Structure formats: C-alpha cells, structure tokens
Amino acid sequence: MTIPQARLRNFSIIAHIDHGKSTLADRLLELTHAIDPRQMTSQVLDSMDLEREKGITIKARAVRLEHTANDGLVYGLNLIDTPGHVDFAYEVSHSLQACEGAILVVDAAQGIEAQTLANVHLALREGLTIIPVLNKIDLPSAQPDVVMDELENALAIPREEVLLVSAKEGTGVPALLQAIVDRIPPPKGDPKAPLQALVFDSHYDQYKGVVVYIRLAAGTLHDHDRVRLMASGAEAELIEMGYFRPALVPVPLLTAGEVGYVATGLKNVREAQVGDTITSADAPAGAPLPGYQEAKSLVFAGIYPVSGEDYPLLRDAIEKLHLNDASFTFEPESSVALGFGFRCGFLGLLHMEIVQERLEREFSLDLIASAPSVEYEVLRINGGAPIRVDNPSKLPSIGEIEEIREPWVQLSVVTPSSYIGALMELSTNRRGSFVGLEYLDPTRVLMKFELPLAELIVDYYDQLKTRTAGYASMDYEEIGYRAANLVRLDVLVAGEPVDALSMIVHRDNATKLGRTLVGRLRQLIPRQMFEVPIQAAIGSNVIARETVRAMSKNVLAKCYGGDITRKRKLLEKQKEGKRRMKRVGSVEIPQEAFLAMLRTDES
Amino acid sequence: MSLPPDGEAAPTGDLGWGAVAPVGLYLHIPFCVSHCPYCDFVVVAGREARGPANRIASFVRALEQELDLRADALDRHWGPPGTAARPLLDTVYLGGGTPSLLPTNSIARLLALVRSRFGVADGAEVTLEVNPGADERGDAGAIRAAGVTRLSIGAQSLDPKELRTLGRRHSPDDVAETVRAARASGLASVSLDLLYDIPGATLESWAATLDTALALVPDHLSLYALTLDDPDAEGITGPGGDHLPVSAGARRWRDQARRGQDDDRAAAMYELADRRLAAAGFAWYEISNWARPGHRSRHNLAYWEGRAWEAAGPGAHAFDGRTRRWNAARLDGYIAALTPSDGSAPRLPPGLQEPVTASGREAESAILALRTSMGLPPSALDRPALGPTLTWALEAGLLEPTRDDRLVLTLAGRLLSNEVFVRLV
C-alpha cells in the first residue's frame, strides 16, 4: 500500500544491552500485525544466532510497520534497529541518519547507562526527536521516579514526556505507537526531484545479488529502474525493491522519505558500499548525499588458523564474511610462530570477538588471534611523515624512532557512587587521568576519564565489571593521539624473536610484563635437546630471562612382552607432535604453547 | 591397519602365516592377587584370582586349548617340530600377571604340553615371572622340577616406603627370601625387576635399593622407569583391544603419582644404576636390561632381534616374521571362544593383527636393534631411511661407534633414545 509521505515515520530504538529493545521491537511488530503471533520467535530482528546468544544486536535491521492511528488513518512506521554496543557506534550513526526520531529505551530498574548517553547525544546531533520510554515497569525493583530524575538531570528530558512501558507484558505499547505518530515528524524530500537514496546497509543474497538497504532522501524509484551508485560508479537494473516486513516484500514504487531495499543483481558488496548514494542512471542527481565517515578500526590483531593447512579456508571465509560486515579490515600477514594469517582491524574488542566467532562458527574454523593492538603513530628521526603501525613487530628499531604516539579515548562510566574509588584506582593504574564526575541521581554518577586506548583494550571492561559487581557501564570516544614513552617488548627464544609475542608497552610496565611473559613461556616450551634461554628484551637490552633446561630423559623404558605395536604407535604419536611443532630458530615449540600464551589474559 | 578378529575370520589360525616358524613362546597368565595401580598389563585380580570363585582352572583349560590350536596350525604349515623349517623352541616365557599363582602342577602340565606340541630344545631358557609375596611366589623347588630354568622376580623396589607407594604387597625381606629359595632350588638364572622414578624416591633411596639388590647377587636386572601411560587414550582398551580399561582408582593414583615424578631425577637414577651395575660386573645389553655374562634374557633378545615367536593367553602378542598378531585382553571372551559352553568346537580367541610393511620393518628393526648393545652395523649409515638420523645422532653424541665397529647408543643416547627413534619411524 502506498502511504503518503505525511503519514510516514522513520525511527530507531536506542537502548543499552538488556534494557529490552528487542522485546519492545517484537511487541511493536505484533501489535501492528507485521508478524503472525504464531510465527513469533523471540527477538525477531536479531536473526543471527550470535545476536540471540549474546543478547545484542550486531547488524542494523529495518522493518516496516503499518499502524492505524487514533485518527483512523494508516501510518507507515519504519523501524530501523540499531546495535547497542559501543563498538558499533558506527552502525548506530548510519541507522540514526535514516530516521527523524528515536525511541530511547531505559530500564526502569537499572537507570541510564553510559552507552545510552552516548547514543542519545548521537541522536540529538542528528536532530532527531527523542521519545523517552521507561521499560520493565512491571519489575518489582522498578524505580520510575528515580530514573526520570536521571533523565532530567543527565539529558534534560522532562518527566512529562516519558512513557511508561512494559514490553514484556505489552503495557503502554499502544500509547507508544500513538506517540510515534504524534511526535516524530514525517520525512521531508521531494518525490519529483532527482533520485537520491542513501545506502545504510547491505547484505548478499545468492539469488538476488547484493541487497541494499536504502533511505530515499529525494525522488522516486520504480521497478526496473536503472540506477547508479554514485561513489563506486556501478550501474544496475533493479531486480526487485520493497519493504522489510521483516521479510522482504516487493512493492512497485518507493518514494522520498521511504525506507526499503533494492536488489541490484550486483555480485560484489564493494560496489554498493554503505554510505554511497543511489541515483537514477538516466537522470542522475547533481551531487551525492553526505554519506558516512568510513568505519575506523581501533583494535588490530592477527587471525590465524590453528592448523596451517586451513589457511585457504580462512582466506575464503574472511572474504565472504567481509561481504556481510565491511566494518573490519584485513590483509595477509605471516608469523614465524603462527604461520600464515591475516592482520585484521576491528571497531573494538567485542567486534573482534564477534568476527572471530562468526568465522569459527559459520565456516567451521579453529582460529587463534594474536594479542590485540592499537594503531600507533611513529615519528622517525630522519623526519618524514609519521608512519602508522598496527603490528608491534613492524615497529622500526629503537634507534630510528623519534617519538611514538598512541590513541587516547575519553571514557564515560556510569556507576553506583559506592564504586567511585575503585574506578579511580582502576583508571589511574591504567595510565588514565580523571576528568570529572557528575551525579545522575543521589546514588549514581557519571565519571569521565582520559585513557590510552591500548590500556582499555587489555581487560579494562572485565575489570570494570568485576570491580563494580557488574553495575557500571562504559562508553568511549577517541580524542586523538598523544606521545608516550612506549617501547616494543620482544620475547626471544634461544636468541630468536618470536614475532607473535612482541607488544608495544609503556616503558614503566615493561620489566614487570617481561618477567611475566618469560615466566609463562618457560612453563610452556618443552625441554629440548639443549638448554634454551628465554628472554624479554627492549631492543638489545634484555630485561628478563629464564632458561628451559636441556631434556634429560625421553625413553620408552619397557619394551618387552613383545608389544612392539604399542611402542611404535607411541613413537608415531610423538613424531606427529614434532611435525606440528613450530620452529623458532632451532627450537621446536608446540603450537599449543603459543595458543596458551595468547589465550591467557595478562594483567 | 587392523583386520577382523582372526578368531572369526580363520578359526584354524592360518591367516597371515609368513616367513618363519617361532623360536620362542610367550604365555600370558593374567592373574594377580591385587592389581597395582601403575600396571598396564592384562591382569585380573581379586576373587577371580583367589578363593572359591577363582577362574584359574577354567583359564588353564582354555590356554591348553589355545596351545593345541596354535600348534595344530604350526604343524599344518611347517610340519612337526624338530626340523630345519620348524625348530624346537629355544625359549618359553610365562609372564603375567603373576604366573607363580598357578598351582605348580598346572605349570608342569602346561610345560609338558608345550614340550609335546612345540618341542623344546635342550638347554632352552624357560622363564617364570614371580611376585615375591610369601603367598604368591610359589614353591621354587617344584617350579624348577616343572622345567623352569629362570626366575624373573617382580621386586620393583627394596625400600618399604616405596613398595607401599606402589601398592605392592611384599616386603624387601620377601624379595630376599624368593632369591634365596630360587638359589637353593638350583634354578639356573635369577632376575630382579626394579622401578625408578617412583614418587617420593630420592637418589639416595635408589642407591640403597640398588645396593640391596646387588647384595642378593642376581644374574640379571631389569630397571624400568615408572611409566604412567593412559591406555584408554591410546585407544587400545576397546572390545578387541589388547589392554584392559584403567580403573577410576588407578587413574586417580596415576594423576597423583605423575606429579611426584621428575625427569632429571630419573635420568640421574639411570646414570647411577649404569655405573653401579657395571662396577658389579653387569653389562647393559638393552636400554632397561643388565646381565652378568651368560645371563641375558634370550627370550627378550628374540623380540629385539626380530625373531619369530608364538604366543597364547589374553593380550599376548606374537610375531611370525611378517605379521604382528595379538589376542584381545578380555578373559571372558578368551575362555568363551576356547571352551564353548555349548559343546561346540573350540575357536581361537578374538584378536587383531597387523602386517609389518617393508618400510615399517626397516625402521622397526633399526629401533629394536638400537635398543640393544648390539646396535647397528656401520653399513646402516648408507641406508637412505636411516642414514640422516644416524648421522644426526652421531653428531649429537647420542650414538657412537664401538671398538668392534658397531653403532651403539651412548648413555645419553639411551636416555634420549626416543629422540632418535622418533626420527626413524
């Protein structure tokens, strides 16, 4: 059904993890009959297994609802889902740019969280109308008054605007639908102007080719129009277009203000990148829409197959996954310790974890990731532009370095005030500095710190949760590079550096960390035919040393009773173990040793 | 590679007969009074071994059946014993388990059967393994009268505390008494088995055990590093497997005991033993074996020299020069096949076999030869499958040429022999 522009509403839901966004979306779908209740699975929009398991949204999704409002007219409501985790702020901003309004969902028992704040600020920056919702008011622990105070204090949201909802029980959801109609303005855009449609997501379908999710800013799209992607220059004839309900439902026409999809038949997602503008091939628009900033990788790590022969499988898997998630980067690299793999850049640690897990699950691979690193800026003594280093083993030698700069972030933490001291200590131990503190209500505060990103990605989040019994939440944004007294800590086995174990660390922490590393590695390297020194070094300066003593005994003592078959099999097993060992110089190290080094969190 | 149980595929045992007739015979007697937690050998203990419900008599009947079936097959293939194609046996070995738990008349009957069906050469070596406990070591005089010439005594340690750690029932005095009785009976050769790297042992306690053992003046010593394997993980304890599953208690004991082991201490113990034994007139002739002149175990040497031997009993291994064959470990299946309760004809027990390939044979015989003081001839250096590893071992000091121009493992080479062998398999 074609609905006039004045009766369209495009909106997102922004919420902290677990505050009930997906349940609320399910309820909206049910009430507007977008989904047959009998087919209702919980968290319809989170279709990836991983999303359902982790209770988070990774990819943006969109769905079109049709709702008969109090005035008796049918309104088209386009719900554009957003990821809730800080790593995916980039995806959130895409979704928000396709909307005129946002429902802010806050758990009535938990109160607002750091990411809620960040996302609301993002929405306000885009000029969106906010509809504040307190969810889970059915909970005995709900404190709507306290949380409304928080909204008022932290975000200047008046109490009278706040809707009280229980998505679980459906309470307040009809009122919310009416508020969407009443408060969110309809989209603007001239349906007769040249076509401009912003690509805000895409996926690959093996029958329809690249399916692009668009928001029409201006103009009208007809079935079988020929379109051009303004940035990539690719042209295609539309195979199909339509709405998400949430299944793809074809329609013959999409006009300015609408949100929908077009199937292009294009085979390569790179030809229809998120942020590109679709226009008509015959009557193109004069200029593309502003588009998006490119996703910026903040965390880097090498991803390797546990068994080297899986490298070609990993290469295929990474390329395929990248079609679906263009926000990570990858390039081939090789490591003495780990063999052939890829250096990948991620939006954050959770993103890294998700990419690794999707590669392992969706492609049945067994993978190992090197320790995550940030991207450093290195100024060299002989001048020239600063170089960027995302792999510690690529850092120039000490003698060539004038200065190393590292990325810093501003960290916002929302926490019960009883943990202020614990978080102060945690953050200052991580080279952070305290910026300020404000009370959201009498018991909860918003704290701000500045912190090197490298310190954040080690295990800051885990520590934050541990030290606050899980109550604190955090969000961060980049605030640029700062010079620091950083060095590369190398680990040497029998004099040979083990590239996968090099890391860039603050000089003050180097000795302690070096001792820990060589101590652990000594436990993991099996005794060889000769003594093996294990050293931690900064340049040529050894700061820690341990020794793996020479092997004294490897003998099958008892070889009688004629059971020679068993002995031979034991030898064959040893041989297979040897074959799988990695060689660092003349030292044979089982892959498991590297895995153990990389899998254990150091702190 | 595994083939179907030959008990089903070839009831007469004709399958896979190869190059040569056996010169030795191994009989596995699985009974023990109690099961030591470190032991992987096929053992049944407790009420199956002693008391009114024991299964010794029905086992012996089954074993006699198997000996008959095996001898029938040899007769068919090689003719009666005592010819160039079918030599008389040079060695017979009753291992276990605790063969000395068999009534002496059973031992005598078994050996008589062996003599009549396989033929035993004059001067043959006939070994019986015994445990030293007063109620399990048997009567040395009667054992000798049955035809046994050599006693292998499972002493394991001569330190009372270590014996308790190992779950052994006997005392150091029992060992001494067993040796004394053997000597008194006139048995020609007496060997002691000892274990090193026992949890809680020290270099001093080991030296004391060695001194005590040497004071008993044995003819032969086997010194084994206590090795705590996991046969379940090796996949050899299934229904057709030649090992029995490890009990939960033994598994716990091993997990605990491994923490009390130490490679450096074990190596030091081995080196100490090699010195002391040499000084006492014992020459090492295999990684774990030392003997006074004329007292090497000919039966065990046959294994290492790649000779053919026949075998009977649950879990027993045989080799005919071409194929390695073994019986499954389970006593029930063994007895059921050989003495069917429905009166049908006896069948060979379930088991598996594995042909030795030409390349496997070359590596295997090199490894077995290198275990011994015979070592390999220098011409082995020219063999493509062996040369590079032997050269490496010579350079690494693990192997050395002897004055009579053979390549033999050094003391360090014996301790690190797997490093050499693993490069040969």
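Given the structure is predicted, the values throughout are model-derived calculations rather than measurements.

Student: Can you lay out the overall build of chain B for me, pointing to particular residues and giving the numbers?
Tutor: Along its length, chain B carries 16 helices and 16 strands. Counting only residues that meet the buried cut, chain B has 57% of its 425 residues in that class. Total accessible area on chain B stands at roughly 16000 Å², and carbon and sulfur atoms take up 54% of it.

Student: If you had to explain the overall build of chain A to someone new, which residues and values would you point to?
Tutor: Tallying secondary structure elements over chain A gives 13 helices and 33 strands in all. The 603 residues of chain A split such that 57% are buried. Contacts in chain A between residues at least 24 apart in sequence constitute 69% of all its contacts with a sequence separation of at least 6.

Student: Any chance you could break down the packing of helix H9 (residues 420-429) of chain A against helix H10 (residues 453-467) of chain A for me, citing the residues and the numbers?
Tutor: Two numbers describe a pair of packed helices, the interaxial angle and the distance between the axes. All names here are of chain A. Orientation of H9 relative to H10, taken along the N-to-C sense of each, is 160 degrees, at an axis distance of 10 Å. Considering the angle they form, H9 stands roughly antiparallel to H10. For the element pair H9 and H10, the recorded crossing hand is right-handed. Between H9, through Ala422, Leu423, Glu425, Leu426 and Ser427, and H10, the contact on the second element is made entirely by Tyr460, Gln463, Leu464 and Arg467. Of the residues belonging to the contact of H9 with H10, the class tally is five nonpolar, two polar and two charged.

Student: Give me the lowdown on the packing of aromatic side chains, citing residues and values where you can.
Tutor: Applying the stated criterion across every chain, the model contains 18 aromatic pairs over all chains. Positioned above the aromatic ring of Tyr243(A), the side-chain terminus of Arg64(A) is 3.7 Å from the ring centre.

Student: Just give me the short version of the sheet that holds strand S20 (residues 367-369) of chain A, but keep the residues and values in it.
Tutor: Hydrogen bonding along the main chain pairs the strands of a sheet, whether they run parallel or antiparallel. All names here are of chain A. The four strands are arranged S18-S19-S17-S20 in an open sheet whose pairing can be described as antiparallel. In the strand order of this sheet, the two ends are held by strand S18 (329-335) and S20, each with one partner. The sheet shows a mean angle of 30 degrees between the axes of neighbouring strands, taken without regard to direction. Across seven bridges, S18 lies against strand S19 (residues 339-346) in antiparallel orientation.

Student: Could you give an account of the environment of Ala124(B), with specific residues and numbers?
Tutor: Residues and elements named next belong to chain B. Inspection of the secondary structure assignment puts Ala124 in strand S5 (residues 120-130). Residues Ala124 and Arg298, 174 residues apart in the sequence, show an inter-C-alpha distance of 9.1 Å. With near-sequence residues (within four places) excluded, Ala124 lies in contact with Leu89, Asp90, Thr149 and Arg298.

Student: Got a sec to walk through the layout of surface pockets? Specific residues and values, please.
Tutor: Considering only enclosed or pocket space, the second largest pocket measures out at about 1300 Å³ in volume. The wall of the second largest pocket is formed by 35 residues, among which Lys553(A), Asn554(A), Gln574(A), Asp263(B) and Asn418(B) lie closest to the centre. Going through the elements one at a time, helix H12 (564-579) of chain A together with helix H16 (417-421) of chain B are the ones with two or more residues in the lining of the second largest pocket. When residues of the lining of the second largest pocket are assigned to their parent elements, the largest contribution, five residues, is made by H12(A). Taken together, the residues of the lining of the second largest pocket sort by class into 14 nonpolar, eight polar and 13 charged. Split by domain, the lining of the second largest pocket shows at least three residues from each of two domains, domain 1 (12-355) and domain 2 (358-424) of chain B.

Student: So, the interface of chain A and chain B: which residues are in play, and what are the values?
Tutor: Across the contact, 27 residues belong to chain A and 47 residues belong to chain B. Interface area, chain A with chain B, both sides summed: about 3500 Å², of which 55% is carbon and sulfur. At the boundary of chain A with chain B, the tally comes to ten salt bridges. On inspection of chain A and its partner chain B, the count reaches 17 residue pairs in polar contact (both at pLDDT 80 or more).

Student: Tell me about the confidence of the model for chain B, residues and numbers included.
Tutor: Residues and elements named next belong to chain B. Taken residue by residue, chain B gives an average pLDDT of 92. The fraction at 70 or more is 96%. Helix H1 (residues 6-9) is the least confidently modelled element of chain B, averaging 35 in pLDDT, while strand S16 (residues 407-409) averages 98, the highest of any element. Predicted confidence for residues 1-17 stays below pLDDT 50, and this span has 40 contacts to residues more than four positions away or in other chains.

Student: Please provide a residue-by-residue account of the pattern of salt bridges, values included.
Tutor: Residue and element names in this part refer to chain B. The tally for this structure, following the rule as stated, stands at 70 salt bridges over all chains. Taking the shortest distance from any N to any O, the salt bridge between Asp197 and Arg265 comes out at 2.7 Å. One end of the pair, Asp197, is in the loop between strand S7 (189-196) and helix H7 (203-215); the other, Arg265, is in helix H10 (residues 263-279), with 68 residues separating them in the sequence. Judged by relative accessible area, Arg265 falls into the buried class, the value being 18%.

Student: Let's hear about the pairing of strand S9 (residues 283-286) of chain B: which residues, and what values?
Tutor: Residues and elements named next belong to chain B. As defined by bridge partners, S9 adjoins strand S10 (residues 289-291) across three bridges and the pair is classed as antiparallel. Residue pairing in the sheet places Ala283 in a bridge with Ala291 of S10. Turn length for the S9-S10 hairpin, with the two strands adjacent in sequence and antiparallel, is two residues.

Student: Please give an account of helix H8 (residues 349-362) of chain A that cites residues and values.
Tutor: All names here are of chain A. With 14 residues, H8 should cover 20 Å at 1.5 Å per step; its first-to-last C-alpha distance of 20 Å lies within 8% of that length. Turning to H8, its buried residues are Leu350, His351, Met352, Ile354, Val355, Gln356, Glu357, Arg358 and Leu359. Where H8 terminates, the next one or two residues include Ser364, which has phi positive at roughly 50 degrees.

Student: Account for the environment of Leu415(B), naming residues and giving values.
Tutor: You can see Leu415(B) is positioned in helix H15 (residues 411-415). The class of Leu415(B) is buried, set by a relative accessible area of 2%. Here the alpha-carbon distance between Leu415(B) and Glu271(B), two residues 144 residues apart in the chain, equals 8.9 Å. Look past the residues within four positions of Leu415(B) in its chain and what remains in contact with it is Ser552(A), Lys553(A), Asn554(A), Val555(A), Ala267(B), Tyr270(B) and Glu271(B).

Student: Kindly report on a nonpolar patch on the surface, identifying the contributing residues and their values.
Tutor: Together, Phe434(A), Leu437(A) and Tyr439(A) make up an exposed nonpolar region whose accessible area comes to about 270 Å². Its location among the elements puts Tyr439(A) in strand S24 (residues 433-441).

Student: Please set out the packing of H7(B) against H10(B) residue by residue, giving values where relevant.
Tutor: All names here are of chain B. Packing of H7 against H10 leaves a shortest axis separation of 10 Å and a crossing angle of 30 degrees. One element, H7, and the other, H10, form an angle in the roughly parallel class. Crossing of H7 against H10: the hand is right-handed. Residues Leu203, Trp206, Ala207, Leu210, Asp211 and Leu214 of H7 touch H10, and the partners they reach there are Ala268, Met269, Leu272, Ala273, Arg276 and Leu277. A per-class count over the contact of H7 with H10 returns ten nonpolar, no polar and two charged.

Student: Tell me what's going on with the sheet that holds strand S6 (residues 163-164) of chain A, and back it up with residues and numbers.
Tutor: Residue and element names in this part refer to chain A. Here six strands make up an open sheet; going across it, the order is S2-S3-S1-S4-S5-S6 and the pairing mixed. This sheet does not close on itself; its edge strands, each paired only once, are strand S2 (62-68) and S6. Bridging between strand S1 (residues 8-15) and strand S4 (residues 101-107) involves five bridges; their strand directions are parallel. Each bridged residue has a counterpart across the sheet, and for Ser12 the counterpart in S4 is Ala102. The strands touched by helix H1 (residues 21-31) within the sheet are S1, S2, strand S3 (74-80) and S4, with S1 carrying the most contacts at an inclination of about 150 degrees. In the packing of helix H5 (residues 144-155) onto the sheet, contacts are made with S4, strand S5 (129-135) and S6, and the angle to S4 comes to roughly 130 degrees.

The rules behind these values
Sequence order sets the numbering: in each chain, residues are counted from 1 along the sequence as written. All chains are assigned letters beginning at A, and all ligands numbers beginning at 1, according to the order in which they are written. Residues qualify for local features only when their pLDDT is at least 70, as the model is predicted, and side-chain atom pairs are given and counted only at 80 or more; totals for whole chains, interfaces and linings, by contrast, use all residues. Processing note: side-chain calculations cover all non-hydrogen atoms of the structure and skip hydrogens and water entirely. Numbering goes from the N terminus for both helices and strands, where a helix is a DSSP run of H or I of at least four residues and a strand is a run of E of at least two. A 1.4 Å probe rolled over the protein chains alone gives each residue an accessible area, and that area as a share of the maximum for its type sets the label: buried under 20%, exposed over 50%, partly exposed in between. Accessible surface area values rest on a Shrake-Rupley calculation with a 1.4 Å probe, where residue burial reflects the displayed protein chains alone. Contact definition: two residues touch when any of their heavy atoms are within 4.5 Å. Geometry is summarised by axes, namely lines fitted to C-alpha atoms with helices restricted to the contacting stretch, and by angles between N-to-C directions that run from 0 to 180 degrees. Oblique is the label for every angle not falling under 35 degrees (roughly parallel), over 145 degrees (roughly antiparallel), or within 65 to 115 degrees (roughly perpendicular). In this scheme the crossing of two helices becomes right-handed for a clockwise turn of the near helix relative to the far one and left-handed for an anticlockwise turn of less than a right angle. Note on residue classes: Ala, Val, Leu, Ile, Met, Phe, Trp, Tyr, Cys and Pro are nonpolar, Asp, Glu, Lys and Arg are charged, and everything else, Gly too, is polar. Aromatic rings from Phe, Tyr and Trp, with only the six-membered ring used for Trp, were paired whenever their centres fell within 6.5 Å, and each pair was classed as stacked if the ring planes differed by under 30 degrees, edge-to-face if by over 60, and tilted otherwise. Counted as over-ring charges are cases with an Arg CZ or a Lys NZ within 6 Å of the ring centre that also lie within 35 degrees of the ring normal. Whether two strands pair comes down to DSSP finding at least two bridges between them. Put plainly, a pocket is an open set of points on a 1 Å grid over the protein atoms alone with protein on both sides within 12 Å along at least five of seven lines, a cavity is a set where a 1.4 Å probe fits but cannot get out, and a lining residue has an atom within 4 Å of a point. Grid points are joined across faces, edges and corners, and a volume is the space filled by probe spheres set on the points. Just so you know, the domain bounds were taken from an automatic or database domain assignment. Two parts placed together each lose some accessible area; with a 1.4 Å probe, that loss summed over both constitutes the buried area. One side-chain nitrogen of Lys or Arg within 4 Å of one carboxyl oxygen of Asp or Glu is enough to make a salt bridge. Throughout this description, a polar contact denotes any pair of N or O atoms lying within 3.5 Å of each other; where both atoms belong to protein, one of them has to be capable of donating a hydrogen while the other can accept it, and for residues adjacent in sequence the pair is counted only when both atoms sit in side chains. Every residue carries a pLDDT, the predictor's confidence in it, which falls somewhere between 0 and 100. Expected span of a helix: the number of residues minus one, times 1.5 Å. Candidates for patches are residues over 30% relative accessible area with no salt bridge; among them, like charges are joined within 9 Å and nonpolar side chains (Val, Leu, Ile, Met, Phe, Trp, Tyr) within 5 Å.

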